[in-house]
Amino acid sequence: MRTTDAFVGLACLDCGGKFDPEPTGHRCPDCEGILDPRYDLDAVELTPDVLADRHTQSMYRYEELLPFPSESAVSLGEGTTPLVECPSLADTLGVDRVLIKDEGQNPTGTFKDRGQSLAVTAAREHGADAIALNSAGNAGQAAAAYAARAGMDAHVFLPQRAGFTQKAMVEIHGGNLHVADPIDGDSEIGDAGDAYAEAMAEEDWYSTKTFVTPYRHEGKKTMALEILEELDWEPPDAVVYPTGGGVGLVGMHKAARELRELGWIDDLPPLYAAQASGCAPIVDAFEAGREVHEPVAEVNTVCNGIAIPDPGASRQILAAIRESDGGAVATDDGEILEAAIEVARTAGVEMGATCAAAASGAFELAKQGEFDDDDTVVLLNTGAGNKDAATLRSQLGDRSS
Ligand SMILES: *Cc1c(COP(=O)(O)O)cnc(C)c1O
Ligand SMILES: [Zn+2]
């Protein structure tokens, strides 16, 4: 296994056990907890000055802070996405700056590419010839793309509600698409998870599922590295993130903690989880002061990417929000789709339906008086708007112009 100099191994977030990444690929061998890549930060030779002269146009720009070097990476040029200045939204929110981190500009149109790049790299380093996961849609599409790139098979388990684009692209990349049978009503992510688990009991596939592989949140960590580098290591006052399984939020928080330990930043950027009211287990737990979520019995939102009723890493998500002094906010689907339309019309940025929960959540936070007029607010546009064109357009029928 080819690893970077500072990468020292995997730590279990539950029992604290330490493991060698060579034999250990997924959950904690002792307690099944989530594994987290760890570094000897004293051994990191990267500095902001070195970065300023580096021209790598992918997330492997930060390879010293990743487990695998760029030369062994399964990469399609993911990352280094723009932070788009949106003065019209700054006016609306009554803040100094609004910046949209446009993850729609990734190879398969979402930030899932960052996680799958690193997870499929790990799969190849472990000698796997097939990967598997269940997903709401976008991670499945990304997995199929990176598996194709690495010459591996991909087995992707999706719920019926996953979008046409995601289902189609899995097959176009040569992946094996399994759409979960409905148990009662349409099938949801949990049904896809059951079908995946049943298949995994029989097969020797390498999992790239959320928080089963230690490398998805690690890949998504690079979003925070890019945001902070672009802001000259001056943390923004709020980062609003459309939260499902929380992989991106946990990853960004981890990056900020590492940068603070390296001395590149002084404070952690406040992270805000934005969810749809029809599936808001994190917001509910945050408001109730709980450390873990309670599963949502019935999902009722068109925002597929965040239709995650039972997020397995809620403890880590809630801890990240609280430690960074952020928050959590839920808005209704109608408000979310209206926010996508407002952003598309006033800023030109194409936000996905799921992603617009971040914009809508920011509008709500502004209304609640959460922001100051000199604040810089970053919204994560986790995926491209045109992947969700039909859902977004349906909202036009409900408005007068
Ligand atoms: C997966 C996804 C999310 C949620 O990501 P998590 O890291 O699971 O919270 C948000 N937006 C889009 C577009 C997604 O595909
Ligand atoms: Zn453990």
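All values derive from a computational prediction rather than experimental measurement.

(A) Structural detail: the nonpolar core. The biggest cluster of nonpolar side chains holds 80 residues, and the ones touching the most others in it are Ile131, Leu249, Leu259 and Leu380. Summarising the domain contributions, this core has at least three residues from each of domain 1 (83-110 + 215-400) and domain 2 (112-207). Beyond its immediate stretch of four places on either side in the chain, Leu259 contacts Leu65, Leu225, Leu228, Trp233, Trp264 and Ile265. In terms of nonpolar packing, the next biggest core, distinct from the first, is built from 34 residues, Val95, Ala276, Ala340 and Ala358 among them.

(B) Examining the pattern of salt bridges more closely. Under the counting rule described, the total for this entry stands at 18 salt bridges. For Glu125, the salt bridge identified is with Arg2, shortest N-O distance 2.7 Å. Of this pair, Glu125 sits in helix α3 (residues 112-125) while Arg2 sits in the segment before β1 (7-12), placing them 123 residues apart in sequence. For Arg2, a relative accessible area of 43% translates into the label partly exposed. A salt bridge links Glu64 to Arg54; its shortest N-O distance comes to 2.8 Å. Taken together, the residues Glu64 in the loop between α1 (48-52) and β4 (83-85) and Arg54 in the loop between α1 and β4 connect sequence positions ten residues apart. Linked through salt bridges whose partners overlap, the residues forming this network are Asp36, Arg38, Glu218, Lys221, Lys254 and Glu258.

(C) Highlighting the side chain of Glu226. By secondary structure assignment, the location of Glu226 is in helix α8 (residues 222-230). With a relative accessible area of 4%, Glu226 lands in the buried category. Ignoring sequence-local partners within four residues, the contact set of Glu226 consists of Met59, Tyr62, Gly79, Thr80, Thr81, Lys101 and Arg114.

(D) Spotlight on the layout of surface pockets. The calculated volume of the second largest pocket comes to roughly 500 Å³. If you trace the second largest pocket, you find 18 residues lining it, with Leu13, Asp36, Arg38, Lys254 and Arg257 closest to the centre. The set of elements that each furnish at least two residues to the lining of the second largest pocket consists of β3 (35-39), α9 (247-262) and α11 (314-323). The leading source of residues in the lining of the second largest pocket is α9, at six residues. In terms of residue class, the lining of the second largest pocket is built from six nonpolar, three polar and nine charged.

(E) Focus on the coordination of the zinc ion (ligand 2). Bound to the zinc ion (ligand 2) are the protein donor atoms Cys12 (SG), Cys15 (SG), Cys28 (SG) and Cys31 (SG), situated 2.3 Å from the metal. Because the angles between the four donor atoms bound to the zinc ion (ligand 2) fall within 101 to 117°, the donor set is best described as tetrahedral. Along the chain, the residues donating to the zinc ion (ligand 2) fall in the pattern C-x2-C-x12-C-x2-C.

(F) Layout of the site of ligand 1. Within the structure, ligand 1 sits among 16 residues, and Lys112, Asn138, Tyr241, Gly246 and Thr382 are positioned closest to it. Here Tyr241 contributes a side-chain N or O atom positioned 2.6 Å from an oxygen atom of ligand 1. Contributions of two or more residues to the shell around ligand 1 are made by β10 (238-242) and α9.

(G) Spatial organisation of the sheet that holds strand β5 (residues 97-102). Within the open sheet, the six strands sit side by side as β4-β5-β13-β10-β11-β12. Their pairing is mixed. The open sheet has two free edges, formed respectively by β4 and β12 (327-331), since each of these has just one partner strand. Across this sheet, the average inter-strand angle for adjacent strands is 25°, counted without regard to direction. Each of β10, β11 (271-276), β12 and β13 (376-381) is contacted by helix α13 (residues 356-367), which is oriented at about 105° to β12, the strand it contacts most.

Procedures and definitions
- Residues numbered from 1 in each chain as written.
- Chains lettered and ligands numbered in written order.
- Predicted model: local features only at pLDDT ≥ 70, side-chain atom pairs only at ≥ 80, totals over all residues.
- Heavy atoms only, no water.
- Core = buried A, V, L, I, M, F, W, Y, C linked by side-chain atoms within 4.5 Å.
- Buried < 20%, exposed > 50% of the residue type's maximum accessible area, 1.4 Å probe, protein only.
- Domains from an automatic or database assignment.
- Contact = heavy atoms within 4.5 Å.
- Salt bridge = Lys/Arg side-chain N within 4 Å of Asp/Glu carboxyl O.
- Helix = DSSP H or I, 4+ residues; strand = E, 2+ residues; numbered from the N terminus.
- 1 Å grid on protein atoms, 1.4 Å probe; cavity = no way out; pocket = protein on both sides within 12 Å on 5 of 7 lines; lining within 4 Å.
- Points joined across faces, edges and corners; volume = space filled by probe spheres on them.
- Nonpolar A, V, L, I, M, F, W, Y, C, P; charged D, E, K, R; others polar.
- Donors = N, O, S within 2.8 Å, 3.2 Å for Na, K, Ca; no water.
- Tetrahedral: all angles 85-135°; square planar, octahedral: opposite > 155°, others 65-115°.
- Near = heavy atom within 4 Å.
- Polar contact = N/O pair within 3.5 Å; in protein donor to acceptor, adjacent residues only side chain to side chain.
- Pairing = 2+ DSSP bridges.
- Axes fitted to C-alpha atoms, helices over the stretch in contact; angles between N-to-C directions.

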